[in-house]
Amino acid sequence: MKKLLSYSVVLFVLTVVLLLIIPLPAALVDVAIIINMSLSMMILVTTMTIREPLEFSIFPSLLLITTLFRLGINVSTTRNILSHSGSSGQIIKAFGDFVLQGNVVVGMIIYMIIVLMQFIVITKGAERVSEVAARFTLDAMPGKQMAIDADLNSGLINEQQAKLRREKIQREADFYGSMDGATKIVKGDSIMSLITTAINLIGGSIIGMVQGGGTLTEVLNTYSIATVGDGLVGQIPSLLISTATGMIVTRAVSEGSLNEDVSKQFMGQPTAIMISGVVIAVLTIVPGMPVIQLVIISVGLIAGGYYLSRRIQAEPGMALAGAFGAPAARGMEPEPIEGAPEEEASKPVSEEEYYKDVNNVYTLLSVEAIEMEFGYSLIPLVDESVGGRLINRIIIFRRQYAQDMGFVIPSIRLRDSSGLNTNQYCIKIKGEEVARGEILVDYYLALEPENPEKEIDGIETIEPAYGIPSRWIRPEDREMAEIYGYTVIDPLSVLVTHLSEVVKQHAHELITRQEVIHLVDNIRKSSPELIEEAFPNVISYSLFQKILTSLLKEGVPIKDLETIIETIIETISDTGMPPKDVDALIENIRASLKRTITRMYCEDGSMKVITMDAELERTMVGCLSKGERGYYLALSPDVLQSLVNQITVQLKKFSGLSQNPVILTSQVMRVHFYRLIDQFYPNVRVLSFNEISNNVQIQSIGSLTLDTTGRKGA
């Protein structure tokens, strides 16, 4: 039985195909018509109750099946009408009699209005909405991917959640692409219905006159009833399906079911309801208007709007605006994140008296590892007493970064600053400002797509973390911006993303000697013998700090400390390499961590890279010079300028990819080439062949060549 149920859809489709071939008696045709109407009603109600289109992802396929079913019924009813003198079951006759009401001309006009309304208004509109939704969904994919990466980088989501969100974006693109084609089926079904109507009426009249021998009036009366009835039993389900099609492709901007959204958004606008009631009341002065009906409706609207306004005042959370905007700014002092100094709490009233004690002066010498200062308007984002969530988001980011990179970000000092504009913030590393941005708390940031379908009104700006052209838009324009392909981000996410990117760029500056000792002591708990062998006999803490700093600077996770320490021991003990040769140690460590490094830049088993031709590499090897701190790359100005120009061109090939730019070199040249281009392209990663796993396919999308003529590369 279970196996039979698993093939129920297949059996249903095969039965529909048989409807096109096998004549059905009128009783079975009535059953098929009832089933068709029931299915159409179920589909319409389902599209109105779902919260997002992917909850009904089978809709495109279901649309094809129901259309095929409807066409099969039309073929069966047409066969019966033409072969049984206009008789094709009780349902068709009942519909025809009800609509015609004894007047063939008026009945046919009403029927044609229903058919044309369904074809021109609903079907055509649903087709256009599907086309636009499909195009905008595909155009918005890069921006949505970027938003996922930003949330992942800020620690708001983990890798698994990011994967699920990427899969959802892909499913949305597939769904709307399918819907774009499926709406053509609905349009074709409407056209076929008109053709079937003409065949039934004209063909039936000819057959009735020639074979039946009846009068023209009798024939037209018989076949017009059958034609209108048959058309209605096909058009009503088709109308329901077309309406469902239009609804499901417009669910992308909804927060709940259609019933919830309509109730919430209308009930959130009592002023509009009361104004409408007043306008209706004014219409009573127009001569000839139905005063009683107008007064009843007007009083109902004004009373309903007044009741809703009182209810919103009693329950502020009901206001629709509260669903979009951030809390209003209040003059509350933000509490610093954990680890902030507490000496201010016990400070005497007189500042001069406090600093008479020379020991208290030393408190002024401390430098915070990371600081964030805010203008007055941004305090609500920080202050937890008014709903600020910045501290929670920082905690999430710290946890995620520790899991990914193996390094715990120090405590962050949060404070307000009178030296900043009200909407500004700045980020400091070890007391010095490294980044600054501006946020409009009551707005949303819309990241512009590459080719926007239409520009949205807003204040032009640049997204602070990635430098993307953007606009600050009003909350009420958020849905329209998403339809146009913009990626919309709330102000808090903009702030956290900028902070997370700055911390990642400067993480190598934040790993102190004390933190290194802490990391080593943490490994000592699980591998005490390894730590005893390594420290201090093989390597010192200062050298180990240099190694970890270099790895973090190039974005290599240091989470696998055991492998790092084991590689150091093997390299120094087995090869006799001097411990001071930090570059060689780091290259061996990177080779030991190749699975980790590969995972960071590999996508679906493939890594896209920029390669370096043999002639250029030989030239650079010949340009290595030895200085006080080891070897460095001393290229001529012409070759250096050529490389910079070529890299600028080649990096554009990564603009449409989610992978970070990677340049592939030999192990000998890797560190020297990285130091050369780091000053120009700090976000470009330089890898060697030894750092890539064997099971990864390397795909070269560009090449750097030896070119001193000023050309910009291949």
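Look a little higher up for the structure.
Residues numbered from 1 in each chain as written. Predicted model: local features only at pLDDT ≥ 70, side-chain atom pairs only at ≥ 80, totals over all residues. Heavy atoms only, no water.

## Considering the overall build of the protein chain
Line of reasoning, step 1. When you go through the protein chain residue by residue, the secondary structure sums to 27 helices and 14 strands.
Line of reasoning, step 2. Taking all 714 residues of the protein chain together, the buried fraction comes to 43%.
Line of reasoning, step 3. Contacts in the protein chain between residues at least 24 apart in sequence constitute 75% of all its contacts with a sequence separation of at least 6.
Line of reasoning, step 4. When the accessible surface of the protein chain is summed, it comes to about 36,700 Å², and 59% of that surface belongs to carbon and sulfur atoms. (Helix = DSSP H or I, 4+ residues; strand = E, 2+ residues; numbered from the N terminus. Buried < 20%, exposed > 50% of the residue type's maximum accessible area, 1.4 Å probe, protein only. Contact = heavy atoms within 4.5 Å. Areas by Shrake-Rupley, 256 points an atom, 1.4 Å probe, with all protein chains shown as cover.)

## A look at the packing of helix α3 (residues 26–49) against helix α4 (residues 59–83)
Line of reasoning, step 1. Remark: α3 packs on α4, axes separated minimally by 10 Å, with the N-to-C direction vectors making an angle of 155°. Relative to α4, the element α3 lies roughly antiparallel. Our pair here, α3 against α4, has a crossing hand that is left-handed. Within the contact between the two elements, α3 uses Ala26, Val29, Ala32, Ile33, Ile35, Asn36, Leu39, Ile43 and Thr47 and α4 uses Phe59, Leu62, Thr66, Phe69, Arg70, Ile73, Ser76, Thr77 and Asn80. (Axes fitted to C-alpha atoms, helices over the stretch in contact; angles between N-to-C directions. Parallel < 35°, antiparallel > 145°, perpendicular 65-115°, else oblique. Left-handed = near helix turned anticlockwise from the far one by under 90°.)

## Quick look at the sheet that holds strand β8 (residues 487–489)
Line of reasoning, step 1. If you walk across this open sheet you meet the four strands as β6-β7-β5-β8, and the pairing is antiparallel. The two strands at the open ends of the sheet, each matched to only one other strand, are β6 (459–462) and β8. Here the strands of the sheet are splayed against their neighbours by 35° on average, with no regard to which way each runs. (Pairing = 2+ DSSP bridges.)

## Quick notes on a negative patch on the surface
Line of reasoning, step 1. On the surface, a cluster of negative charge is made up of Asp560, Glu566, Glu570 and Asp574.
Line of reasoning, step 2. Looking at glutamate 566, the relative accessible area reads 36%, which means it is partly exposed. (Patch = residues over 30% accessible without salt bridge, like charges linked within 9 Å, V, L, I, M, F, W, Y side chains within 5 Å. Salt bridge = Lys/Arg side-chain N within 4 Å of Asp/Glu carboxyl O. Lys, Arg positive; Asp, Glu negative; His and termini not counted. Charge placed at Lys NZ, Arg CZ, Asp CG, Glu CD.)

## Here's the deal with the packing of aromatic side chains
Line of reasoning, step 1. What the rule picks out here adds up to three aromatic pairs.
Line of reasoning, step 2. Measuring from centroid to centroid gives 5.8 Å for phenylalanine 397 and tyrosine 401, while their planes differ by 45°, and the two rings are tilted. In this pair, phenylalanine 397 and tyrosine 401 are both assigned in helix α15 (residues 390–405), four residues apart and thus about one turn of the helix distant.
Line of reasoning, step 3. Of the residues examined, phenylalanine 397 reaches a relative accessible area of 3% and is grouped as buried.
Line of reasoning, step 4. Taken together, a centroid distance of 5.3 Å and an interplanar angle of 75° make the contact between phenylalanine 535 and phenylalanine 544 edge-to-face. (Phe/Tyr/Trp six-rings, centres within 6.5 Å; stacked < 30°, edge-to-face > 60°.)

## Regarding helix α25 (residues 614–622)
Line of reasoning, step 1. Of the residues making up α25, those classed as buried are Leu616, Glu617 and Met620. The buried residues of α25 all sit within an arc of 95° when viewed along its axis, so they share a single face. Across from the buried face of α25, at angles greater than 90 degrees, the exposed residues are Arg618 and Gly622. (Arc of directions from axis to C-beta.)

## Points about the packing of α15 against helix α17 (residues 491–505)
Line of reasoning, step 1. Following both chains from N to C, one finds α15 and α17 inclined at 35°, their axes separated by 11 Å at the closest point. The two elements α15 and α17 meet at a crossing, and its hand is right-handed. Two secondary-structure elements touch here, α15 through Leu390, Arg393, Ile394, Phe397 and Tyr401 and α17 through Leu492, Ser493, Leu495, Val496, Leu499, Ser500, Val503 and Lys504.
Line of reasoning, step 2. Grouping the amino acids of the contact of α15 with α17 by side-chain chemistry returns nine nonpolar, two polar and two charged. (Nonpolar A, V, L, I, M, F, W, Y, C, P; charged D, E, K, R; others polar.)

## Topic: the side chain of histidine 498
Line of reasoning, step 1. Its place among the elements puts histidine 498 in helix α17.
Line of reasoning, step 2. Here histidine 498 falls in the buried class, since its relative accessible area comes to 5%.
Line of reasoning, step 3. Discounting chain neighbours no more than four positions away, the residues touching histidine 498 are Tyr425, Ile427, Ala435, Arg436, Pro464 and Ala465.

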